[in-house]
Amino acid sequence: ALLLVGGFEAYHSTILLAENREKYPEFCIPMCVIPCTISNNVPGTMVSLGSDTAINEICQMIDKIKQSATGTKRRVFIVETMGGYCGYLATVSALSSGADNAYIFEEPFTVQDLSDDVDVILSKMEVGAKRYLVVRNEWADKNLTTDFVQNLFNSEGKKQFTTRVNVLGHVQQGGSPTPFDRNMGTKLAARALEFLLIQLKENLTGDNKVIAKSPHTATLLGLKGRKVVFTPVQDLKRETDFEHRLPTEQWWLGLRPLLRVLARHRSTVESSA
């Protein structure tokens, strides 16, 4: 049997192996993928191994960045996170650290949106706010880059505030895993191994050969709600955007409106009024 621990590449590789079983009999073995990536961009699971550690590291660094601004006034920080096209890290870390906005690929933004944010920054600083924090996903937009956002803020800010950029880079992948990741990694590994051993026995032929051709013998082990679920990777293929390496449906996008509410963005205040 084959147990793969990895991100989108491991998931995609298992699909290729499963689809070529008829051509290559050697691939007719039980296979299981444990999603392990900080980007959390693998379908079939709500949380991937490593993403919790990355969120904690990002929040710690954002706290240090905010603390560095205690002696300054009217400063805007733009923090760039990793994640490829997936905006999970940017959104959840923005919510956790008290950021005012998060720019991601899944929700396209324009220059007008950035200009509106400048107006919000100015209005907040007029009533006493000392700093403003924006989190941007690394591939949120190929044209509206982090440097572009900084230059636009500096231009439209009319010298009312200063802007600083922090590209976190690979340091956000973390040092020691968090207790959540350690616990989940142990449980997923034990559950996957147990599942593979059961499939080995079920697909054992009379001449002691393992022949597994069913789609249910090539699965991804994911966390859905409070349940650990095995899902055939060939079924998950229909729920995947392979061009951008994203699931077509992502649960955390429902948290996005909460970001504006907690930041007391002008759009939420006007809509409630």
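None of the values given here were measured: they were computed from a predicted structure.

About the criteria used
Residues numbered from 1 in each chain as written. Predicted model: local features only at pLDDT ≥ 70, side-chain atom pairs only at ≥ 80, totals over all residues. Heavy atoms only, no water. Helix = DSSP H or I, 4+ residues; strand = E, 2+ residues; numbered from the N terminus. Buried < 20%, exposed > 50% of the residue type's maximum accessible area, 1.4 Å probe, protein only. Contact = heavy atoms within 4.5 Å. Pairing = 2+ DSSP bridges. Axes fitted to C-alpha atoms, helices over the stretch in contact; angles between N-to-C directions. Patch = residues over 30% accessible without salt bridge, like charges linked within 9 Å, V, L, I, M, F, W, Y side chains within 5 Å. Areas by Shrake-Rupley, 256 points an atom, 1.4 Å probe, with all protein chains shown as cover. Salt bridge = Lys/Arg side-chain N within 4 Å of Asp/Glu carboxyl O. Expected span 1.5 Å × (residues − 1). Polar contact = N/O pair within 3.5 Å; in protein donor to acceptor, adjacent residues only side chain to side chain. Phe/Tyr/Trp six-rings, centres within 6.5 Å; stacked < 30°, edge-to-face > 60°. Right-handed = clockwise from strand over helix to strand, strands pointing away. pLDDT = per-residue confidence, 0-100.

*Asks:* So, the environment of Leu2: which residues are in play, and what are the values?
*Replies:* With respect to the secondary-structure elements, Leu2 resides in strand 1 (residues 2–6). You can call Leu2 partly exposed: its relative accessible area is 29%. The spacing of Leu2 and Pro30 is 28 residues in sequence and 6.3 Å in space, taken between C-alpha atoms. Filtering out sequence-adjacent residues up to four positions away, Leu2 remains in contact with Leu17, Ile29, Pro30, Met31, Cys32 and Leu196.

*Asks:* Hey, could you go over the sheet that holds strand 4 (residues 101–103) for me, with residue numbers and the actual values?
*Replies:* The strands making up a sheet are joined through hydrogen bonds of the backbone, oriented either antiparallel or parallel. Taken together, the four strands give an open sheet; going across it, the order is 4-5-3-6, and neighbouring strands pair in parallel fashion. Each edge of the open sheet carries a strand with a single partner, namely strand 4 and strand 6 (162–167). Averaged over neighbouring strand pairs, the angle between their axes works out to 20 degrees when direction is ignored. Pairing geometry for strand 3 (residues 75–81) and strand 5 (residues 131–137), over seven bridges, is parallel. For Ile78, the partnering residue across the bridge sits in strand 5 and is Val134. Across the sheet, helix 3 (residues 88–97) is in contact with strand 3, strand 4 and strand 5; its angle to strand 5 comes to roughly 160 degrees.

*Asks:* Residue-level account of a nonpolar patch on the surface, with values.
*Replies:* Judged by side-chain polarity, Leu258, Val261 and Leu262 come together as a nonpolar surface patch covering roughly 280 Å² of accessible area. Following the sequence through the fold, Leu258 ends up in helix 8 (residues 256–262). Residue class for Leu258 comes out partly exposed when judged on its relative accessible area of 40%.

*Asks:* Could you give an account of helix 4 (residues 111–126), naming the residues involved and the relevant values?
*Replies:* If you check helix 4, its first and last C-alpha atoms are 23 Å apart, about what 16 residues at 1.5 Å a residue would give, namely 22 Å. Burial in helix 4 covers these residues: Leu114, Ser115, Asp117, Val118, Val120, Ile121, Leu122, Lys124 and Met125. Positive phi shows up at Gly128, right after helix 4, with a value of about 115 degrees.

*Asks:* An account of the side chain of Thr37 is needed here, citing residue identities and associated values.
*Replies:* With respect to the helices and strands, the residue Thr37 is situated in the loop between strand 2 (31–35) and helix 2 (51–68). Thr37 gets classed as buried once you look at its relative accessible area, which sits at 14%. Of the polar contacts made by the side chain of Thr37, one reaches the backbone nitrogen of Ser39; its length is 3.1 Å. Once you skip the residues sitting within four places of it in the chain, Thr37 turns out to touch Gly7, Val42, Ser48, Leu49 and Ser51.

*Asks:* Could you give an account of the packing of aromatic side chains, naming the residues involved and the relevant values?
*Replies:* A full pass over the atoms with the stated rule returns 10 aromatic pairs. Relative to Tyr11, the ring of Phe8 has its centre 5.5 Å away and its plane inclined at 75 degrees; by these criteria the two rings are edge-to-face. Of this pair, Phe8 and Tyr11 both sit in helix 1 (residues 8–19), three residues apart, which is roughly one turn of the helix. One exposure class covers both Phe8 and Tyr11, and it is buried. Grouping aromatic residues by their ring pairs yields a cluster made of Phe8, Tyr11 and Phe242.

*Asks:* Give a description of the pairing of strand 1 that names residues and reports values.
*Replies:* Examined bridge by bridge, strand 1 and strand 2 share five bridges and lie parallel to one another. Each residue of the ladder has a partner; that of Leu4, found in strand 2, is Val33. You can see the chain leave strand 1, run along helix 1 and come back into strand 2, and the turn it takes is right-handed.

*Asks:* Break down the confidence of the model for the protein for me, with residues and values.
*Replies:* With 96% of its residues at a pLDDT of 70 or more, the protein has an overall mean of 90. Put simply, helix 9 (residues 266–272) is where the protein has its lowest mean pLDDT, 46, and strand 2 is where it has its highest, 96. Across residues 268–273, where pLDDT falls below 50, the model places three contacts with residues more than four positions away in sequence or in other chains.

*Asks:* Explain the pairing of strand 5 to me, and be specific about the residues and the numbers.
*Replies:* Of all seven residues in strand 5, six are buried, a share of seventy percent or more. Regarding topology, helix 4 serves as the crossover connection from strand 4 to the parallel strand 5, and that connection is right-handed.

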